[in-house]
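Coordinate analysis (summary)
One-letter residues, chain by chain:
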2 protein chains.
Amino acid sequence: MMVNERWYATHFKELAFTECLQLLGSSPGGRVAYSSDEGPVVLPVNHVMDGEDILFRTSPHTELGRAMRSGHVAFEVDEFDEVSRTGWSVLVRGDAEYDDSDVLLPEDRPGPWAAGTRNLVVRIRPRLVTGRRLLAR
Amino acid sequence: MMVNERWYATHFKELAFTECLQLLGSSPGGRVAYSSDEGPVVLPVNHVMDGEDILFRTSPHTELGRAMRSGHVAFEVDEFDEVSRTGWSVLVRGDAEYDDSDVLLPEDRPGPWAAGTRNLVVRIRPRLVTGRRLLAR
């Protein structure tokens, strides 16, 4: 621990962008959020990274699929340890779009864990990426 | 497994309300979501249940604290196993308010893991509680 990080020992420590990207890439899944007339909706999905973009697969026939056509969305990953009460979280605020760029080979595309027709690939382009680590007291 | 659940073996299985409540109660933390001008925001918090309501503590001087004054919010808990690709998630859509009801004794109030001034107790009253389990293929 660097000396100037000590003050944060009982607080959140903001994460650098590169660390946020690394944590996004090492997480097998996260949670996508969108706004509906009934307020925000948060659903877990498994994702892959394409550079700084987030890709995941879903069905075009669901509310989630329809909500991803365009607009502001969020994507969150986190990991906490209940015993030590330490952990981290990363929040991506960005814009969703349907992806047909074929930049990824089929085998590199995110495979949904849930079966069914999930042939819609959604791309989230980050506008703002923030993260924080909760350090031991 | 009941016979009529077999069809769901490669799909999501919807969870009953009582099971959702049990999973909310057994989770040490979850993620609260609110809508901002820049789209949805998702942040992890540790919570306790008060009946069907969710309580957590934060600072009144943060964007999260200000966003919890009123309005539609969401709260999500989940747990997934990367190896077996099974897990579950519960989503609460409800309304947030500042809580000063003193229905809980101080020692029962949710203790935030992060230090600092987090003397605002937020109550989320559910309007809609849904959950699903991802079963092994």
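None of the values given here were measured: they were computed from a predicted structure.

1. A few points about the relation of the copies chain A and chain B
Related by rotation about an axis and a shift along that axis, the two copies of the chain form a pair. When chain A is fitted to chain B, the residual RMSD is 0.0 Å, and the transformation amounts to a turn of 180° plus an axial shift of 0.0 Å. On the angle and the small slide along the axis, the relation comes out as a two-fold axis. Taken together, the interface assignments show that 100% of the residues at the interface of chain A recur at the interface of chain B, consistent with an identical surface on both copies.

2. With respect to unusual backbone geometry
Unusually for a residue other than glycine, Arg85(A) sits at a positive phi of about 55°. Structurally, Arg85(A) is set in the loop between β5 (72-81) and β6 (86-98).

3. A look at the nonpolar core
Taken as a class, soluble globular proteins show a tendency for nonpolar side chains to be buried jointly. Formed by 56 residues in total, the largest nonpolar core has its most connected members in Met68(A), Phe75(A), Val90(A), Met68(B), Phe75(B) and Val90(B). For Met68(A), the residues in contact, after removing those within four places along its chain, are Val32(A), Tyr34(A), Phe56(A), Val73(A), Ala96(A), Glu97(A), Tyr98(A) and Val122(A).

4. A closer look at the interface of chain A and chain B
Taken residue by residue, the interface counts 40 residues in chain A and 40 residues in chain B. Of the roughly 3400 Å² buried at the junction of chain A and chain B (both faces included), carbon and sulfur atoms supply 60%. Along the contact surface separating chain A from chain B lie 6 salt bridges. For Arg127(B), the salt bridge identified is with Glu38(A), shortest N-O distance 2.8 Å. Across the contact surface, chain A and chain B share 5 residue pairs in polar contact (both at pLDDT 80 or more). When contributions to the side of chain A that touches chain B are tallied by element, the ones reaching two or more residues are β2 (29-36), β3 (39-50), β5, β6 and β7 (120-134) of chain A. If one sorts the elements of the side of chain A that touches chain B by residue count, β5(A) sits on top with 7 residues. Of the residues in the side of chain A that touches chain B, the class split is 18 nonpolar, 8 polar and 14 charged.

Basis of the calculations
- All chains use their own residue numbering, which begins from 1 and follows the written sequence.
- Chain A is the first chain written and ligand 1 is the first ligand written, with later ones labelled in order.
- The predicted nature of this model means local features are confined to residues of pLDDT at least 70 and side-chain atom pairs, given and counted, to a pLDDT of 80 or more, with totals for whole chains, interfaces and linings taken over all residues.
- The side-chain figures draw on all heavy atoms in the structure; neither hydrogens nor water molecules are used.
- We place the copies in one frame by least squares, fitting the C-alpha atoms of every residue whose pLDDT is at least 70 in both.
- Here a residue-residue contact requires only that any non-hydrogen atoms of the pair lie within 4.5 Å.
- Every helix listed is a DSSP run of H or I at least four residues long, and every strand listed is a run of E at least two residues long, numbered separately from the N terminus.
- To define a nonpolar core, start from buried Ala, Val, Leu, Ile, Met, Phe, Trp, Tyr and Cys residues and group those joined through side-chain atoms within 4.5 Å.
- The classification of residues rests on relative accessible area computed with a 1.4 Å probe and restricted to protein chains. Under 20% of the type maximum is buried, over 50% is exposed, and intermediate values are partly exposed.
- As a working definition, buried area equals the accessible area (1.4 Å probe) given up by two parts on being put together, with both sides summed.
- The salt bridge definition used is simple: a Lys or Arg side-chain nitrogen within 4 Å of an Asp or Glu carboxyl oxygen.
- N or O atoms within 3.5 Å of each other form a polar contact, as long as, within protein, one can give a hydrogen and the other can take it, and as long as residues adjacent in sequence are counted only when both atoms are side-chain atoms.
- Residue type decides the class: Asp, Glu, Lys and Arg count as charged, Ala, Val, Leu, Ile, Met, Phe, Trp, Tyr, Cys and Pro as nonpolar, and the leftover types, Gly among them, as polar.

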